[in-house]
Amino acid sequence: MSMYIIDDHPLVRQAIAMLLRRMRPASKVIELEKFSELQAAIIKNGEPALFVLDLLLPGVKGTSAVKDIKTMYANVPLAVISSMPAGEAEETCIEAGADIYIEKSSPANEISLAIQGLFAAENGDEEVIAVGETKLSKRQKQLIVMLDRGLSNRDIAAELDISEHTVKVHLWRLFRRLDVKSRTQTLHFARMNGLL
């Protein structure tokens, strides 16, 4: 399994690669300058375990690269890293399928925590609960109960002993799984389907 970084800034690419190698020494880290190089790189280096993608790549419009990656590799974690401030850009990327949005101006330890959160969220999806056509992980069911209790991301993180970044990743995946966009819609779905 390989981790792919796609960013046209060599310094950013190398810094992210260094973080990933420190986190997962046994994994292969592949650095790419252009999105168009991705398919050939995957054929050469093997199946992806993670994508870290710059939002503003030459020759790529908007979030089309995010959508393309998620169409081909729906279950592989995707972190978008960008020089654009969060807010609208983050919302757009999450709607396109990204698992997390990271600002390039974030300190290295925050970027590291965000990516570790992706891996932690991956490992939390083992036990599956079926709700009609929808399948939820044990962690996702737990999150619904916590949302119903009115807990903030910080409260959830403290109670589960995970980072706030990991909580965000879990919530985004839960929203996507239920095809909802907010905590309120999640709770409505949960009540309508007997989860609460």
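It should be noted that the structure appears before, not after, this text.
Report follows, based on the coordinates. Note that the structure is a prediction, hence the values are computed from the model and not measured.

Within the sequence span of helix H3 (residues 64–72), burial applies to Ala65, Val66, Ile69 and Lys70. Each buried residue of H3 sits inside an arc of 130° when the element is viewed along its axis, so together they form one side.

Moving on, we get to the pairing of strand S3 (residues 48–54). The element S3 is largely enclosed, with a buried count of 6 among its 7 residues. Relative to S3, strand S1 (residues 2–6) runs parallel, the two being bridged by 5 bridges. Counted as the bridge partner of Ile5 is Val52 from S3. Taken together, the 4 bridges between S3 and strand S4 (residues 78–82) define a ladder with parallel strand orientation.

Moving on, we get to the packing of aromatic side chains. The tally for this structure, following the rule as stated, stands at 2 aromatic pairs. Arranged with centres 5.6 Å apart and planes meeting at 50°, the rings of Phe51 and Tyr73 form a pair that is tilted. Taken together, the residues Phe51 in strand S3 and Tyr73 in the loop between H3 and S4 connect sequence positions 22 residues apart. As far as the burial class goes, Phe51 and Tyr73 line up, both buried. Clustering of aromatic rings is evident, with ring pairs tying together Tyr4, Phe51 and Tyr73.

What follows is about the nonpolar core. Leu20, Phe35, Leu38, Phe51, Val52, Leu53 and Ile115 are the most contacted members of the largest nonpolar core, which has 47 residues in total. Residue contacts for Val52: discarding those within four places in its chain leaves Tyr4, Ile5, Ile6, Ile16, Leu20, Ala79, Ile81 and Ile115. Of all hydrophobic cores here, the second largest spans 19 residues; its members include Ile156, Val167, Phe175 and Val180.

The interhelical angle for the contact between helix H6 (residues 138–148) and helix H7 (residues 153–160), taken along N-to-C directions, is 130°, at an axis separation of 11 Å. Classified by the angle their axes make, H6 and H7 are oblique. For the element pair H6 and H7, the recorded crossing hand is right-handed. Together, Arg139, Gln142, Leu143, Met146 and Leu147 of H6 and Ile156, Glu159 and Leu160 of H7 make up the contact between the two elements. Among the residues making up the contact of H6 with H7, the classes are represented as 5 nonpolar, 1 polar and 2 charged.

Cut-offs and rules
- Residues numbered from 1 in each chain as written.
- Predicted model: local features only at pLDDT ≥ 70, side-chain atom pairs only at ≥ 80, totals over all residues.
- Heavy atoms only, no water.
- Buried < 20%, exposed > 50% of the residue type's maximum accessible area, 1.4 Å probe, protein only.
- Helix = DSSP H or I, 4+ residues; strand = E, 2+ residues; numbered from the N terminus.
- Arc of directions from axis to C-beta.
- Pairing = 2+ DSSP bridges.
- Phe/Tyr/Trp six-rings, centres within 6.5 Å; stacked < 30°, edge-to-face > 60°.
- Core = buried A, V, L, I, M, F, W, Y, C linked by side-chain atoms within 4.5 Å.
- Contact = heavy atoms within 4.5 Å.
- Axes fitted to C-alpha atoms, helices over the stretch in contact; angles between N-to-C directions.
- Parallel < 35°, antiparallel > 145°, perpendicular 65-115°, else oblique.
- Left-handed = near helix turned anticlockwise from the far one by under 90°.
- Nonpolar A, V, L, I, M, F, W, Y, C, P; charged D, E, K, R; others polar.

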